[in-house]
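# Observations on the three-dimensional arrangement
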Amino acid sequence: MKKKIVALCLCVALLAVAIAGASLAYFTDKTGSLTNTFTVGKVAIKLDETTGENYHVVPGTEIAKDPKVTVEANSEASYVFVKVEESQDFAALAEKLTYGMAEGWTELDNVDGVYYRVVNKSENNQVFPVLANNKVTVSDKLTQDDLDKKTSITLTFTAYAIQAEGFDTPAAAWAEVNK
């Protein structure tokens, strides 16, 4: 009978432990998910002109010439460069065929014919004229003798752009874009 009482006590104790264990609760918590989305930036430009490509040189006139750089909408903040190359024949007439750069362009130190500007990001296209007053001026002092044997009087424009982030100076940005 002692064995039955001990067995019964053990059963009661086991039952008490089971009931107590079942009623224990643990503190828990869970966070929601955190999703990181990475988008890709861009820098997009166009160089165009409405006045054509071939021009007639007449002393004492102005030649309409309107090259412009367009930084397309949503492009990243960037350095925009324009390289202006004069043919040897154009350069030989430098005092009689003249032009200036439009407002906002700064000549890059120690690099002939390269101009730059910093352009902020925008939701809209941003258009920047290259030449002051959109013209090349022909001096009234230009003569036929000046033009004799000049076979290639050209002015060539090339535009470049690179993101501004990551570059401390325009020279560093130019070095990268002009590799």
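Numbering of residues starts from 1 in each chain and follows the order in which that chain's sequence is written. With pLDDT at 70 or above as the cut-off, local features in this predicted model cover only qualifying residues; side-chain atom pairs require 80 or more to be listed or tallied, and sums for whole chains, interfaces and linings still use all residues. To obtain the side-chain values, all non-hydrogen atoms of the structure were used and water was disregarded.

Moving on, we come to the environment of leucine 147. For the purposes of this entry, the term helix denotes a DSSP run of H or I that reaches at least four residues, the term strand denotes a run of E that reaches at least two, and both are numbered from the N terminus. In this fold, leucine 147 is placed in helix α3 (residues 144-147). Taking the C-alpha atoms as reference points, leucine 147 and alanine 92, 55 residues apart in sequence, are found 9.8 Å from one another. Throughout, a residue-residue contact means that at least one pair of heavy atoms, one from each residue, lies within 4.5 Å. Leaving out residues up to four positions away in the same chain, leucine 147 has contacts with Leu93, Leu142 and Ile153.

Throughout, exposure labels follow a simple rule: accessible area from a 1.4 Å probe, protein chains only, divided by the maximum for the residue type, with under 20% read as buried, over 50% as exposed, and the rest as partly exposed. Taken together, the buried positions of helix α4 (residues 170-177) are occupied by Pro170, Ala173 and Trp174. With its buried residues spanning 100° around the axis, α4 presents them on a single face. Looking at the buried side of α4, the elements it contacts are β4 (78-86), β7 (114-119) and β10 (155-163). Note: the arc covers the axis-to-C-beta directions of the helix.

Should a side-chain nitrogen of Lys or Arg be within 4 Å of a carboxyl oxygen of Asp or Glu, the pair is scored as a salt bridge. The full count for this structure, using the stated rule, is seven salt bridges. Between lysine 135 and glutamate 62 there is a salt bridge, with the nearest N and O atoms lying 2.7 Å from each other. Of the two residues, lysine 135 is situated in strand β9 (residues 135-138) and glutamate 62 in strand β2 (residues 62-64); the sequence distance between them amounts to 73 residues. The exposure class of glutamate 62 is exposed, given its relative accessible area of 53%. One salt bridge connects lysine 141 with aspartate 140, and the closest N-O pair in it is separated by 4.0 Å. On the accessibility criterion, aspartate 140 (58% relative accessible area) is exposed.

On to the packing of aromatic side chains, then. Only Phe, Tyr and Trp rings take part, Trp by its six-membered ring, and two of them pair if their centres are within 6.5 Å. Stacked means planes under 30 degrees apart, edge-to-face means over 60, and tilted covers everything else. One pass over the full model with this rule turns up five aromatic pairs. Between the aromatic rings of phenylalanine 81 and tyrosine 116, the centroid separation amounts to 6.3 Å while the plane-to-plane angle is 45°, which identifies the pairing as tilted. In this pair, phenylalanine 81 is assigned in strand β4 and tyrosine 116 in strand β7, connecting sequence segments 35 residues apart. Residue phenylalanine 81 is classed as buried on the basis of its relative accessible area of 0%. Within the aromatic cluster, the residues linked to one another by ring pairs are Tyr79, Phe81, Tyr116, Tyr160 and Trp174. Charge-over-ring placement is defined geometrically: NZ (Lys) or CZ (Arg) within 6 Å of the ring centre, and within 35 degrees of the ring normal. Here the basic side chain of arginine 117 rests over the ring of tryptophan 105, its NZ or CZ set 4.8 Å away from the ring centre.

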